[in-house]
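# A look at the structure
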Amino acid sequence: MIRFISVTLLSFFNLEMIHLLRDFSQTYKTSGIRSVCFSGIHLKLKSLLIFIILTCTVTRSMSQNLKHTIPNSIAKEVSKALSFYPELSDVAITFKFKKNIKKSTMQAQPVFGSFFKSRKNRSYLVRISERIKIADREFKTEDIPEDVMVGWIGHELGHIMDYQNMSNSQLMWFGVNYLLSDKHIVEAERAADTFAVSHGMADYIVATKNFILNHADIDNTYKLRIKKYYLSPEEIMEMVEEKTKEKEETEQEAS
Ligand SMILES: [Zn+2]
């Protein structure tokens, strides 16, 4: 939304600039009306000044979001999930709706060209199915409760955190292994969940799991898949308890 307003504002003021420059040249060509137009020029100079100030402000606010491209309909949920990962604020991520994603609902992947770039300049694509299809039951993205959506995106961002820790060759091996080995899928999915939980997203991740596991309409095969590959709500709660215990212990030691 901010980006849309910024772009509209910028194009509006650019148009203003063109008119302004044209008016200036016309004023000087028709010397007879120079004095009449003086107050007009004065006004235009004022708008030029406003234009410069606004351009600076708008460009600053845009640069903060320049790395992330998010569809408007899920901007709130994605921004919420991103707020748990300050490390990803400078990482280029595009969130994109797709008609259909084979076997999954969301997918986070490095953009192909990234394999030839340094880790710092990698960019990622998070593909989101237009309709969230879980087994045979279809949900519109807007029908998914907000916390569930935040958790879902938080899990995908967990994958990106995992990728960010890998070198390019490790990343390529990761891709090959993901296709070939079931054990590797379990490791990767649990790693993504673990990143999300350690970033303070436990409640959201649990909300997403419970949404799938407690939904009577959802096919049992899909539920079994979730149980097989991902952290269970109980394991997540255990992780949170352990983390709290560790924190309390370090605080006790410090005092
Ligand atoms: Zn995943």
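Residues numbered from 1 in each chain as written. Predicted model: local features only at pLDDT ≥ 70, side-chain atom pairs only at ≥ 80, totals over all residues.

Time to look at the confidence of the model for the protein chain. When pLDDT is averaged across the protein chain, the result is 76; 71% of the residues are at 70 or more. Averaged over each element, pLDDT in the protein chain is lowest for helix α1 (residues 2-29) (41) and highest for helix α3 (residues 75-82) (96). Note that residues 1-38 has pLDDT below 50 and, in this model, 26 contacts with residues that lie over four places away or in other chains. Of the regions scoring below 50 in pLDDT, residues 54-64 engages in 11 contacts with residues more than four places distant in sequence or in other chains. (pLDDT = per-residue confidence, 0-100. Helix = DSSP H or I, 4+ residues; strand = E, 2+ residues; numbered from the N terminus. Contact = placed C-beta atoms within 7 Å.)

Another aspect to go through is helix α4 (residues 146-164). The end-to-end C-alpha distance of α4, which contains 19 residues, comes to 27 Å, matching closely the 27 Å that a straight helix rising 1.5 Å per residue would cover. A large share of α4 lies buried, amounting to 15 of its 19 residues. (Expected span 1.5 Å × (residues − 1). Buried ≥ 20, exposed ≤ 12 C-beta atoms within 10 Å, placed from the backbone.)

Turning to its location among the elements, Pro110 is positioned in strand β3 (residues 106-110). Given 23 C-beta atoms within a 10 Å radius, Pro110 is considered buried. Spatially, the C-alpha atoms of Pro110 and Ile93 are 9.0 Å apart, while their sequence positions differ by 17 residues. Leaving out residues up to four positions away in the same chain, Pro110 has contacts with Phe115, Arg122, Tyr124, Tyr163 and Leu171.

Bringing the packing of α4 against helix α6 (residues 182-213) into the picture now. Contact pair α4 / α6: the axes reach a minimum separation of 7 Å and the direction vectors enclose 175°. In terms of axis orientation, α4 runs roughly antiparallel to α6. For the pair α4 and α6, contact is made by Asp147, Val148, Val150, Gly151, Trp152, Gly154, His155, Gly158, His159, Met161 and Asp162 and by Ala188, Ala191, Ala192, Asp193, Phe195, Ala196, Met201, Tyr204, Ile205, Ala207, Thr208 and Phe211, respectively. By residue class, the composition of the contact of α4 with α6 is 14 nonpolar, 6 polar and 3 charged. (Axes fitted to C-alpha atoms, helices over the stretch in contact; angles between N-to-C directions. Parallel < 35°, antiparallel > 145°, perpendicular 65-115°, else oblique. Nonpolar A, V, L, I, M, F, W, Y, C, P; charged D, E, K, R; others polar.)

Taken as a class, soluble globular proteins show a tendency for nonpolar side chains to be buried jointly. Of all hydrophobic cores here, the largest spans 36 residues; its most connected members are Val78, Phe95, Met149, Ile153, Leu157, Ile160 and Ile205. For this core, the secondary-structure elements that each account for two or more residues are α3, β2 (92-98), β4 (123-129), α4 and α6. Ignoring anything within four residues of it in the chain, the contact list for Phe95 reads Thr69, Ile70, Pro71, Ile74, Val78, Val126 and Ile128. (Core = buried A, V, L, I, M, F, W, Y, C linked by C-beta atoms within 7 Å.)

Where α6 meets helix α8 (residues 233-254), the axes come as close as 10 Å, and the angle between the chain directions of the two elements is 155°. When the axis of α6 is compared with that of α8, the two are roughly antiparallel. Our pair here, α6 against α8, has a crossing hand that is left-handed. Residues Val197, Ala202, Ile205, Val206, Lys209 and Asn210 of α6 pack against Pro233, Ile236, Met239 and Val240 of α8. (Left-handed = near helix turned anticlockwise from the far one by under 90°.)

Position of Ala81 among the secondary structure elements: in helix α3. Sequence-wise, Ala81 and His155 are 74 residues apart; in three dimensions their C-alpha atoms are separated by 9.0 Å. Every residue in contact with Ala81, bar those within four places of it in the chain, is listed here: Val150, Ile153, Gly154 and Leu157.

What follows deals with the sheet that holds β4. With mixed pairing, 4 strands are arranged side by side in an open sheet as β1-β2-β4-β3. Since the sheet does not close on itself, it has two edges, and those belong to β1 (68-69) and β3, each with one partner. Here α4 sits on the sheet in contact with β2, β3 and β4, set at roughly 20° to β3. (Pairing = 2+ DSSP bridges.)

Consecutive residues of a regular strand have side chains that alternate between opposite faces of the sheet. Taken together, the 2 bridges between β1 and β2 define a ladder with parallel strand orientation. Note on β2: the bridge partner recorded for Thr69 is Thr94. The β-α-β motif built from β1, the intervening α3 and the parallel element β2 has left-handed crossover chirality. Relative to β4, β2 runs parallel, the two sharing 7 bridges. Its bridge partner being in β4, Lys98 is matched across the sheet by Ser129. (Right-handed = clockwise from strand over helix to strand, strands pointing away.)

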